[in-house]
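# Topology and contacts: notes
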Amino acid sequence: MWSKSSWKEYPIRQQPIYPSQKDLNRVLTKLEKLPPLVFAGEVVKLQNALAKVSRKEAFLLQGGDCAESFGNFSAINIRDMFKILLQMAIVLTFAGGCPVVKVGRIAGQFAKPRSNDFEEINGEKLPSYRGDIINGFDFDKSARIPDPNRMIEAYYQSAATLNLLRGFAKGGLADLREVHRWNLRFLKKNKLHKQYANMSEKISQTLNFMEACGINIQNTPSLKEVDIYTSHEALLLPYEEALTRVDSLSGEIYDCSAHMLWIGERTRSLDEAHVHFLSGVKNPLGIKIGPSVNIEDIIALANTLNPNNEEGRLNIIFRMGAEKIACNLPKIFSKLKNEGLNLIYSIDPMHGNITKVGNYKTREFDKIILEVKNFFEIAMSEGVYAGGVHLEMTGQDVTECMGGSCNVTMQNLNKRYETQCDPRLNADQALELAFLIADLLKRSREC
Ligand code: PEP
Ligand code: CO
């Protein structure tokens, strides 16, 4: 029997231990009374859009910060993330010739699973940072103590972020006539800008032609508005439970902290709390799948999380690493394609490609590209649809991943290394990747 609190009867990983149960309960009682962050109707709309992905009629672009933070919360960061997502989506739509479902890792992506429970610097050992919703980033004993009040701050930051995203999506910034202006300032100097400007010009000409034929932004809202959805890893289950509500229209249960939720690589065991909790909510779900997976586990997870085999419900997000994907994925696809499961297959080329340079955690852009290419090539040769990408990125010109045409090097990683968790693609690298994916998408849709 499932209830929103039945996950407590299952083994669970990656949770904080709060010093005071009383404080935790007080916060959860407050959260339970706060309004839902998303509306069930929007979640249903997302599932319908994702059902198109599973039928090869659309493509999923999911991306954003590894971890949102309280410190980097600003209108400019949200606006630039929105712009880079739109830019990438337009590149994919234009070249791939299919609708793009846009899902941010945003407005709730705060809780982080960690490989080690402790972090050690110069002989001092402290509990690891687990994301701003749980404890503080500073390497300081008191900062690392889990504080339930952080859930309230995360909730309000998510609400404010969503509010601005909705404004941008419906209030004019997404008008296709603004396509030139989505370009971020620092992109202006390089060759990518030219490639983007050429495409924008073609879009403008197409819009002029359509307008002459009577199709314009007044009679066709989709030319000036977009749907943008939110997602995060549903890791901190007390928070997710508090935002889980019964939809009064349908009687269905939704986790109203975001439109889409995913289960991380470290918490996806079949008979543990995270899988159990998410099996009971109606939202579209993702599961991260790393190189150690066995195929039977994916099938069992699909049966547990999507027992009615609904289209658009379940997104399998592979994150194997540039080389490992080449030997692991062909056998996975060749088995899964005969199971009759409605699944979306995406690639996260970030989490299997982390390296360290000095004290910096980084990723090589070439490895990211290689994993994406391998994913598309393997899918094409197995006759499976490569339906989406899942990226860690930002609209800022940070220097966290090495390579790309903006040429971030080992030596200049320290120039703007701002992430509190994993290294993100900067806006240039994200756009460059979008052009590359657009070519692969076009080929994969033709075969
Ligand atoms: C993440 O997406 O930030 C993450 C931790 O991913 P994974 O579970 O795939 O390691
Ligand atoms: Co990450």
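Quick caveat, the model's predicted, so the values are computed rather than measured. (Residues numbered from 1 in each chain as written. Chains lettered and ligands numbered in written order. Predicted model: local features only at pLDDT ≥ 70, side-chain atom pairs only at ≥ 80, totals over all residues. Heavy atoms only, no water.)

### Some points on the overall build of the chain
- When helices and strands are tallied, the chain shows 11 helices and 14 strands.
- Compactness check: the chain gives a C-alpha radius of gyration of 21 Å against a globular reference of 22 Å for 447 residues, within 12% of the reference.
- With the C-alpha coordinates aligned to their principal axes, the bounding extent of the chain is approximately 65 × 50 × 45 Å.
- Sequence separation of at least 24 residues holds for 77% of the intrachain contacts in the chain that already meet a minimum separation of 6.
- On the chain, roughly 18,600 Å² of surface is accessible, and the fraction owed to carbon and sulfur atoms is 51%.
- The centroid of the 55 positive side-chain charges in the chain is displaced by 3 Å from the centroid of its 53 negative side-chain charges. (Helix = DSSP H or I, 4+ residues; strand = E, 2+ residues; numbered from the N terminus. Rg over C-alpha atoms; globule rule 2.2 N^0.38 Å. Contact = heavy atoms within 4.5 Å. Areas by Shrake-Rupley, 256 points an atom, 1.4 Å probe, with all protein chains shown as cover. Lys, Arg positive; Asp, Glu negative; His and termini not counted. Charge placed at Lys NZ, Arg CZ, Asp CG, Glu CD.)

### Points about the site of ligand 1
- Near ligand 1 you find Cys66, Arg105, Lys112, Pro113, Trp262, Gly264, Glu265, Arg266, Lys288, Arg319, His351 and Glu392, and these make up its full shell.
- A distance of 2.7 Å separates an oxygen atom of ligand 1 from a polar side-chain atom of Arg319.
- Between ligand 1 and the protein, one listed contact pairs an oxygen atom with a side-chain N or O atom of His351 at 3.0 Å. (Near = heavy atom within 4 Å. Polar contact = N/O pair within 3.5 Å; in protein donor to acceptor, adjacent residues only side chain to side chain.)

### Let's talk about the UniProt feature "binding site: phosphoenolpyruvate" (unreviewed entry) in the chain
- Per the UniProt record, the feature "binding site: phosphoenolpyruvate" (unreviewed entry) sits at Arg105, Glu265, Arg266, Lys288 and Arg319.
- Along the chain, Arg105 turns up in strand 2 (residues 100-105).
- The buried category is assigned to Arg105, whose relative accessible area is 1%.
- You can see Arg319 is positioned in the loop between strand 10 (314-318) and helix 9 (324-336).
- The contacts of Arg319, once residues within four sequence positions are left out, are Glu265, Lys288, Ile289, Gly290, Pro291, Asp348, His351, Gly352 and Glu371. (UniProt positions renumbered as here; feature names shortened; annotations may be inferred. Buried < 20%, exposed > 50% of the residue type's maximum accessible area, 1.4 Å probe, protein only.)

### Some details on the pattern of salt bridges
- The full count for this structure, using the stated rule, is 27 salt bridges.
- For Glu119, the salt bridge is made with Arg144, and the minimal N-O distance between the two is 2.8 Å. Of this pair, Glu119 sits in strand 3 (residues 118-121) while Arg144 sits in the loop between strand 4 (124-127) and helix 4 (149-170), and the two are 25 residues apart along the sequence.
- The buried category is assigned to Arg144, whose relative accessible area is 3%.
- In this structure, the salt-bridge partner of Asp422 is Arg363, at a minimum N-O distance of 3.5 Å. (Salt bridge = Lys/Arg side-chain N within 4 Å of Asp/Glu carboxyl O.)

### What about helix 5 (residues 191-212)?
- Taking 1.5 Å of rise per residue, the 22 residues of helix 5 would be expected to cover 32 Å, and the 32 Å separating its terminal C-alpha atoms lies within 8% of that figure.
- Every buried residue belonging to helix 5 is among Leu192, Tyr196, Met199, Ser200, Ile203, Ser204 and Leu207, and all of these are buried. The arc that holds the buried residues of helix 5, viewed along the axis, is 150°, so those residues lie on one side. The exposed set on the far side of helix 5, more than 90 degrees from its buried face, consists of Lys191, Lys194, Phe209 and Ala212.
- The elements touched by buried residues of helix 5 are helix 3 (75-96) and helix 11 (427-446).
- Positive backbone phi, approximately 95°, marks Gly214, located one or two places after helix 5. (Expected span 1.5 Å × (residues − 1). Arc of directions from axis to C-beta.)

### Topic: the side chain of Thr399
- One can find Thr399 in the loop between strand 14 (388-392) and helix 11.
- Exposure remark for Thr399: the relative accessible area of 7% places this residue in the buried category.
- Separated by 3.4 Å, the side chain of Thr399 and the backbone oxygen of Asn412 make a polar contact.
- Among all residues touching Thr399, those that are not within four sequence positions of it are Val408, Asn412, Leu413, Asn414, Lys415, Arg416 and Tyr417.

### Let's talk about the packing of aromatic side chains
- Scanning all chains against the criterion turns up 12 aromatic pairs.
- Summarising the aromatic geometry, the rings of Tyr129 and Phe137 are spaced 5.1 Å apart at their centres and angled 80° between planes, so their arrangement reads as edge-to-face.
- An angle of 25° between the planes, with centres 6.1 Å apart, marks the rings of Phe318 and Tyr345 as stacked. One end of the pair, Phe318, is in strand 10; the other, Tyr345, is in strand 11 (residues 344-347), with 27 residues separating them in the sequence.
- Ring pairs connect the aromatic residues Phe59, Phe318, Phe333, Tyr345, Phe375 and Phe376, which therefore count as one cluster.
- Here Lys125 stacks its cationic end above the ring of Phe118, 5.1 Å away from the centre of that ring. (Phe/Tyr/Trp six-rings, centres within 6.5 Å; stacked < 30°, edge-to-face > 60°. Lys NZ or Arg CZ within 6 Å of the ring centre and 35° of its normal.)

### Comments concerning the environment of Ile121
- Relative to the assigned elements, Ile121 resides in strand 3.
- Judged by relative accessible area, Ile121 falls into the partly exposed class, the value being 36%.
- Separated by 293 residues in sequence, Ile121 and Asn414 place their C-alpha atoms 19 Å apart.

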